[in-house]
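# Commentary on secondary and tertiary structure
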Amino acid sequence: MTPRSHEPSIVGTAETPYGRHPAAGATTGGVLGSAARAAVRNAGLGWSEVDGLAVSSFSLAPDHAIDLAWRLGLSTRWLLQDNNGGASGLNMLGEAVRAVAAGDASVVVVVAGDVQRPSEIAARQAAFNRMTRDHLAPLQYGGPNSLFAMLTQRQMSAHGLTAEHYGRIAVSQRWWAGHNPGAVYREPLRLADYLRSPLIADPLRRYDCVPSVSGANAVVVASADRIKGGRVPVRVRSIVRSFNYDNQSGDGLQTGLAQYASKLWDDAGVAAADVDLAAIYDDYPAMVLAQSLDLGLIPDGDLARFATRTIAKRALPMNTSGGLLSAGQAGAAGGMHGLVEIVRQLQHGAGERQVANARLAVVSGYGMVLYRYGAAAVAAVLERVRRTD
Amino acid sequence: MDVLTFFSCARCTAPYFPRPICCATCGGARFVTADAAAGVVEEVTCVRHAAGTGSTEPNWLATVRLAEGPRVIARLPGELPRDTAVRLLLQRDGAIVAVRAQEKTS
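Anyway, here's the lowdown on the structure attached to this text. What you see is a predicted model; the values in this text were computed from it and never measured.

A tally of regular secondary structure across chain A gives 13 helices and 11 strands. Its C-alpha atoms give chain A a radius of gyration of 19 Å, near enough to 21 Å, the size a compact globule of 389 residues would have. Seen along its three principal axes, the alpha-carbon backbone of chain A occupies a region of about 50 × 45 × 40 Å. The burial tally for chain A puts 60% of its 389 residues in the buried class. Sequence separation of at least 24 residues holds for 77% of the intrachain contacts in chain A that already meet a minimum separation of 6. A total accessible area of about 14400 Å² is found for chain A, and carbon and sulfur atoms account for 49% of it. With 37 positive and 33 negative side-chain charges, chain A shows a spacing of 5 Å between the two charge centroids.

Next up on the list: the sheet that holds strand S2 (residues 5-9) of chain B. All names here are of chain B. What the 3 strands build is an open sheet, ordered S3-S2-S4; its pairing is antiparallel. The open sheet has two edge strands with one neighbour each: strand S3 (15-16) and strand S4 (31-35). Pairing between S2 and S3: 2 bridges, direction antiparallel. When the bridges of S3 are listed, Ser-8 appears paired with Pro-15.

Right, let's get into the packing of aromatic side chains. Residues and elements named next belong to chain A. Here the structure, examined in full by the defined rule, presents 5 aromatic pairs over all chains. Judged by centre distance (6.3 Å) and plane angle (80°), the ring pair of Phe-148 and Tyr-366 falls under edge-to-face. Here Phe-148 is found in helix H6 (residues 144-159), whereas its partner Tyr-366 is found in strand S10 (residues 360-369), with 218 residues between them in sequence. By relative accessible area, Phe-148 is classed as buried at 1%. Exposure remark for Tyr-366: the relative accessible area of 1% places this residue in the buried category.

Analysis parameters
Residues numbered from 1 in each chain as written. Chains lettered and ligands numbered in written order. Predicted model: local features only at pLDDT ≥ 70, side-chain atom pairs only at ≥ 80, totals over all residues. Heavy atoms only, no water. Helix = DSSP H or I, 4+ residues; strand = E, 2+ residues; numbered from the N terminus. Rg over C-alpha atoms; globule rule 2.2 N^0.38 Å. Buried < 20%, exposed > 50% of the residue type's maximum accessible area, 1.4 Å probe, protein only. Contact = heavy atoms within 4.5 Å. Areas by Shrake-Rupley, 256 points an atom, 1.4 Å probe, with all protein chains shown as cover. Lys, Arg positive; Asp, Glu negative; His and termini not counted. Charge placed at Lys NZ, Arg CZ, Asp CG, Glu CD. Pairing = 2+ DSSP bridges. Phe/Tyr/Trp six-rings, centres within 6.5 Å; stacked < 30°, edge-to-face > 60°.

By themselves, these are just geometric observations and shouldn't be taken as functional.
Below, the structure written as structure tokens:
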């Protein structure tokens, strides 16, 4: 059993300013360091107290986690590098929480991010893995847009969805982004604008595709005895992870979260209906619906209604930062963006977009397209801790 | 251009593309190759804007289900309707290309 003094919680967050075009001289190590330092400051802790580091980045190479530790001047007793893309942030969170509970570290910085220019993104997409390099890049497939275009068609057919349903998600997230000074796209988006926007890969339109940005996100996981006064800790009530759940043999409309959703809620001791808000990984609107269904957030299975009522009318506040679709996807930071937003909401520090009395939330991460769709999925239930001291 | 090949587990016959290291069904590690010439078009998309490359040439791609079961992503010569029967070819650069089943190819 975890000693009370080792009880882990998230006590600090940071997100560097996202930019569509990286600032001159910006480096991946630089933005990762900025986010890490800001998160530790946000937690009220000192840099010398950090004894664990986890990092995910597509553009850190040829450096590794330990090179980053060196450059950051951090001597740690716990170190992790994760390369699970959109699932890496929550995967690292899960490892960090267990490390702190076990006493292997007491103050862990979890950081992810990238500085990326369009030509670098295209080069990375072309060599994402062996299968992509050998059989997708020669098609000039244009990155994952084409694959998720076909997945979206399958979802439309299976659930009777139209472009308008996906548009409602993009429009709703843009509304939230209008209240987030950190989002790269904040001007209001109307459904008509969405429907008139150019096709990128049929049926995906411009507003279905995430804008790539440069930046980094970080959180600090610390043991109870290290929490500074006045901070609101956020506890990870449960976390589940799934990797390569179907060997790419399905249609991609179900993620690995479906396998473990009941465990997620059982371990948390709450039900899907209990959450006050959600951050569901939104590389494409279709995946918001797929993961929400897998997680049990759509008990009647009516995806159309969930988009037009639950999301669009904000019955369940969803991706309240604007999500990756409006705030931007900073490479591997995309897997931590929703986590940082949820922690800020649960700490009641989300400013104009604060969800009143937010206490319980679910956050997911999804990614690593092996060939036709993503193969890594993670979800966590987070809770605002009521301080008794 | 060669005919596309798929890989069948020597122990349990489960079909794969690409060749795996271990069979997900039985754990076997030996595979036999066979032509995967025939398939059926499922979803079709047209890539109209390829991020980062500046390319705006329409590029028709499809999910094609092989007769043996596995699905591949293939380039089409142009728009083809769902359920079109196609033949699958493998270019030297690794691109999988689908052509209407009745069309002759050089």
